[in-house]
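Working through the structure, step by step
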Amino acid sequence: MGEHGTWFDYLNRFDWWRGFDGWMQSKLQRKSLLVDMFPSGWSMTHILITLVAVIFTFLGARAFLSGLKTPDQGLVPPRTMNFRNMFEYLAESMYGFVEGGMGEKNARRFYPLIGALFLFILFNNLFALMPGFSAPTDTLKTNVGIAIFVFLLTHYFGVKEHGVAYFKHFLGPMPALIPLMLPIEIVSHIARPVSLAIRLMGNMMADHKVLMSFFTLVPILVPLPFLLLGLLVCLLQAVVFCTLAMVYFGMAIEHEEH
Amino acid sequence: MQRTIKILSTLLTFLVVLGLPALAFAGGDVTATDPAAMKAEGLAENYGWIAIAAGLAIGLAAFGGGLGQGRAAAAALEGIARNPGAAGQIRGPMILGLALIESLVIYALIIGLLLTLKVGA
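Residues numbered from 1 in each chain as written. Chains lettered and ligands numbered in written order. Predicted model: local features only at pLDDT ≥ 70, side-chain atom pairs only at ≥ 80, totals over all residues.

Observations regarding the overall build of chain A
In terms of helices and strands, chain A carries 6 helices and 0 strands. Listed N to C, the secondary structure of chain A is α-α-α-α-α-α in terms of helices and strands. Projected onto the principal axes, the alpha-carbon positions of chain A cover approximately 65 × 60 × 40 Å. Residues classed as buried in chain A amount to 28% of the 258 residues present. Restricting the contact set of chain A to residue pairs at least 6 apart, pairs at least 24 apart contribute 64%. (Helix = DSSP H or I, 4+ residues; strand = E, 2+ residues; numbered from the N terminus. Buried ≥ 20, exposed ≤ 12 C-beta atoms within 10 Å, placed from the backbone. Contact = placed C-beta atoms within 7 Å.)

Here we look at the overall build of chain B
When its secondary structure is counted, chain B shows 4 helices and 0 strands. Traced from its N-terminal end to its C-terminal end, chain B shows the element sequence α-α-α-α. Counting across all 121 residues of chain B, residues that qualify as buried make up 11%. The long-range fraction of contacts in chain B, counting pairs at least 24 apart against all pairs at least 6 apart in sequence, stands at 73%.

Quick word on the environment of A:Glu88
Residue and element names in this part refer to chain A. Mapped onto the fold, Glu88 is located in helix 3 (residues 83–126). Residue class for Glu88 comes out partly exposed when judged on the 18 C-beta atoms lying within 10 Å of it. Glu88 has contacts with Phe64, Gly67 and Pro77, leaving out every residue within four places of it along the chain.

Here's the deal with unusual backbone geometry
A positive phi angle, near 70°, is found at A:Leu221, a position not held by glycine. With respect to the helices and strands, the residue A:Leu221 is situated in the loop between helix 5 (178–217) and helix 6 (223–253).

A word on helix 1 (residues 15–28) of chain A
For helix 1 of chain A, which comprises 14 residues, the first-to-last C-alpha distance of 20 Å matches the rise-based estimate of 20 Å (1.5 Å per residue) to within 8%. In terms of burial, helix 1 of chain A is largely open, as just 0 of its 14 residues are buried. (Expected span 1.5 Å × (residues − 1).)

A short note on the environment of A:Phe249
Residue and element names in this part refer to chain A. Take Phe249: it is sitting in helix 6. When the C-alpha positions of Phe249 and Gly158 are compared, they lie 7.9 Å apart, and in sequence the two are 91 residues distant. The residues contacting Phe249, other than those within four sequence positions of it, are Phe110, Thr154 and Phe157.

Considerations on the nonpolar core
Nonpolar side chains in soluble globular proteins generally cluster together in the buried interior. Ranked by size, the top nonpolar core spans 48 residues in total, and within it A:Ile114, A:Phe118, A:Phe241, A:Cys242 and A:Ala245 carry the most contacts. Elements supplying a minimum of two residues to this core: helix 2 (45–68), helix 3, helix 4 (140–162), helix 5 and helix 6 of chain A together with helix 4 (87–118) of chain B. The dominant element in this core, judged by the number of residues it contributes, is helix 3 of chain A, at 12 residues. Discounting chain neighbours no more than four positions away, the residues touching A:Phe118 are A:Met94, A:Ala238 and A:Cys242. (Core = buried A, V, L, I, M, F, W, Y, C linked by C-beta atoms within 7 Å.)

Quick word on the packing of helix 3 of chain A against helix 6 of chain A
Residue and element names in this part refer to chain A. Put simply, helix 3 and helix 6 touch, their axes get as near as 8 Å, and they point 145° apart. Both helix 3 and helix 6 take part in a crossing whose hand is right-handed. Together, Val98, Gly101, Met102, Phe110, Ile114, Leu117, Phe118, Ile121, Leu122, Asn125 and Leu126 of helix 3 and Cys234, Leu235, Gln237, Ala238, Phe241, Cys242, Thr243, Ala245, Met246, Phe249 and Gly250 of helix 6 make up the contact between the two elements. Here the contact of helix 3 with helix 6 is built from residues that sort into 17 nonpolar, 5 polar and no charged. (Axes fitted to C-alpha atoms, helices over the stretch in contact; angles between N-to-C directions. Left-handed = near helix turned anticlockwise from the far one by under 90°. Nonpolar A, V, L, I, M, F, W, Y, C, P; charged D, E, K, R; others polar.)

Here's the deal with the confidence of the model for chain B
On average, chain B scores 81 in pLDDT, and the residues at 70 or more come to 74%. Least confident of the elements in chain B is helix 2 (residues 35–41) of chain B, whose mean pLDDT is 55; most confident is helix 3 (residues 47–82) of chain B, at 93. (pLDDT = per-residue confidence, 0-100.)

Observations concerning helix 3 of chain B
Residue and element names in this part refer to chain B. End to end, helix 3 covers 53 Å across 36 residues, agreeing with the expected 52 Å (1.5 Å per residue, within 8%). Buried within helix 3 we find Ala54, Ala57 and Gly65. Elements that come into contact with the buried residues of helix 3 comprise helix 4.

Examining the confidence of the model for chain A
On average, chain A scores 85 in pLDDT, and the residues at 70 or more come to 92%. Mean pLDDT values for the elements of chain A range from 84 in helix 1 of chain A up to 91 in helix 4 of chain A.

Structure below.
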């Protein structure tokens, strides 16, 4: 049960797309197998689906902003659940989520970042449930990108908050313990983006495979509970990723109070 | 007119979704059985043990994961039973704890999938 065709395979009818794809493949394909996980060859489908998700988010943001231009500055929500209402609801619940994770003071500062990450992962995950698409987050290609992004940002925020003394966190409470604490801290720091990426990928890939296997067995009505499970898993994985990101940021910028 | 459009679009979506499992069968099946050709395809030679390893990987992981998640859910349910008003506040950390325990099972699933691909699934 490997990858399946998506709607974007119809792009291969066009010569210009095939030329572009071949050119990108010649430039970007790994010549050596650094990590030979699930050799699936080269495909640009996940980039295109990510693009669709990002464009969707932009349109939603535009709808939200247009709501702010109403005479009462968007105070009264729309009557029915339309596009703008959905994004207003998402924005408010994400703010509550970030506030719960980071405290009130940091919430304003980190809300755009965590909100964007949450929406990105959520909309990319939800593509797994739609027939004819596959989730970009079930490939390691997208997930390692996001995970490294979070990893670099933790260090950036730590250095911005504490200066170079941030790296004293790696050394532990006492100078005598440095040979013990330093490898442990380094390994645990490296394990963070790896675990973030693999957790998201494993969940999405397993869920997608389960869904596809039930679709091929009995296409009528039996996949319905698995679609519901898939909805739950998509939402949950976005929540878990963002909660862990918030925990990492919080640990990087916390000031120790004795 | 609106109602017709709604019924037609529902029917169309239904038919499209039913037709998509045809796209599910992609990729070549394993056709070689002699060792040289299998090595050329990237498959292992003695694949009996690898298959057993793949089965054991996910089996043990599911076992341990089930125990761990059972404990987490039991603690959460007991907390709700003691204090039904706090059900909303208990639900959040419970879901988070379950997801983090499940991620360990997912790591073992990745290893299982890697091994299964080596024996040519």
